[in-house]
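# Structural overview for review
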Amino acid sequence: DVKVTQSSRYLVKRTGEKVFLECVQDMDHENMFWYRQDPGLGLRLIYFSYDVKMKEKGDIPEGYSVSREKKERFSLILESASTNQTSMYLCASSGDSGGAFFGQGTRLTVV
Amino acid sequence: QQQVKQSPQSLIVQKGGISIINCAYENTAFDYFPWYQQFPGKGPALLIAIRPDVSEKKEGRFTISFNKSAKQFSLHIMDSQPGDSATYFCAASYSASKIIFGSGTRLSIRP
């Protein structure tokens, strides 16, 4: 069974903290993505990576950075968490077929 | 150019009826059009997808209709069941790279 695993289901962090969200896929996919999901706004792309150490900004990259040191792992970093970054964060991966496989999501609350 | 517009935002259908969700896109470079199904507390799951060289794809009760000239595609769920109640997202991508999602449709099937 294909799998995209996110390190945490729920996280509560304080304003100003540096936050790391980890994602691992076991499908040898080239592409990996980070989305955030908010009610009424659908899934918005934060960053994606098409190869190790390669990254491209999505639609809402401000306040975020990413790291991809190994093919199977893609990390999202909130440099200084703010309350408007409270959201559901979804990691996904895709290969040549184009279809993306998602993790179960991390619900982050910034207080 | 990058947007995918989805309608309706919410939909209520009687059991056994046909559910229809519509999407429109602008970027003619898109070459892959998937639909995702998401249940509460879960990540989206790939449901069915189509490429622009065909006008229709059917998998069980789910059908995608694709109109290349109008830049529109739609999901039809035949014989809708209560278990189909979920949020559905259309999406578009090109060159197996970043995936752009619609805003989602919350579907409720009434028994």
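First, a word on scope: everything that follows refers to the structure included in this document. Everything quoted here is computed from the prediction, not taken from an experiment.

Turning our attention to the overall build of chain A. Helix and strand content of chain A: zero helices and 11 strands. Secondary structure elements in chain A, listed N-terminal to C-terminal, are β-β-β-β-β-β-β-β-β-β-β. Computed over its C-alpha atoms, the radius of gyration of chain A comes to 13 Å, within 12% of the 13 Å expected for a compact globule of 111 residues. Out of the 111 residues in chain A, the part that is buried amounts to 50%. Considering only residue pairs separated by 6 or more positions, chain A has 53% of its internal contacts joining residues 24 or more positions apart.

We now examine the interface of chain B and chain A. Between chain B and chain A, the contact holds 18 residues from the first and 22 residues from the second. Carbon and sulfur atoms make up 57% of the surface buried where chain B meets chain A, a total of about 1500 Å² over both sides. Counting across the interface, chain B meets chain A through zero salt bridges. Between the two partners, chain B and chain A, sit five residue pairs in polar contact (both at pLDDT 80 or more). Those elements that place two or more of their residues in the side of chain B that touches chain A are strand 4 (33–38) and strand 10 (99–101) of chain B. Here the residues of the side of chain B that touches chain A are counted per class, giving eight nonpolar, seven polar and three charged.

Right, let's get into the sheet that holds strand 7 (residues 64–70) of chain A. Residue and element names in this part refer to chain A. Taken together, four strands build an open sheet; the order of strands is 1-3-8-7 and the sheet is antiparallel. The open sheet terminates on both sides in strands that have one partner only, identified here as strand 1 (4–6) and strand 7. The mean inter-strand angle of the sheet, taken between neighbouring strand axes irrespective of direction, is 20 degrees. The pairing of strand 7 with strand 8 (residues 73–78) spans five bridges and is classified as antiparallel. Note that in strand 8 the partner of Ser65 across the bridge is Ile77.

The computed volume of the largest pocket comes to approximately 580 Å³. As for the largest pocket, its lining consists of 25 residues, and the residues nearest its centre are A:Gln37, A:Pro39, B:Gln38, B:Thr87 and B:Arg106. Secondary structure elements with two or more residues in the lining of the largest pocket: strand 4 (31–38) and strand 9 (87–94) of chain A together with strand 9 (86–93) and strand 11 (105–110) of chain B. It is strand 9 of chain B that contributes the most residues to the lining of the largest pocket, three residues altogether. Of the residues belonging to the lining of the largest pocket, the class tally is seven nonpolar, 14 polar and four charged. Each pocket or cavity is described by its volume, and for the second largest pocket that value is around 270 Å³. If you go around the second largest pocket, you meet 18 residues; those closest to its centre are A:Leu41, A:Leu43, A:Arg44, B:Ile100 and B:Phe101. For the lining of the second largest pocket, the leading source of residues is strand 5 (residues 42–51) of chain A, giving four residues. Considering only residue class, the lining of the second largest pocket consists of nine nonpolar, six polar and three charged.

Cut-offs and rules
Residues numbered from 1 in each chain as written. Chains lettered and ligands numbered in written order. Predicted model: local features only at pLDDT ≥ 70, side-chain atom pairs only at ≥ 80, totals over all residues. Heavy atoms only, no water. Helix = DSSP H or I, 4+ residues; strand = E, 2+ residues; numbered from the N terminus. Rg over C-alpha atoms; globule rule 2.2 N^0.38 Å. Buried < 20%, exposed > 50% of the residue type's maximum accessible area, 1.4 Å probe, protein only. Contact = heavy atoms within 4.5 Å. Buried area = accessible area lost by both parts, 1.4 Å probe. Salt bridge = Lys/Arg side-chain N within 4 Å of Asp/Glu carboxyl O. Polar contact = N/O pair within 3.5 Å; in protein donor to acceptor, adjacent residues only side chain to side chain. Nonpolar A, V, L, I, M, F, W, Y, C, P; charged D, E, K, R; others polar. Pairing = 2+ DSSP bridges. Axes fitted to C-alpha atoms, helices over the stretch in contact; angles between N-to-C directions. 1 Å grid on protein atoms, 1.4 Å probe; cavity = no way out; pocket = protein on both sides within 12 Å on 5 of 7 lines; lining within 4 Å. Points joined across faces, edges and corners; volume = space filled by probe spheres on them.

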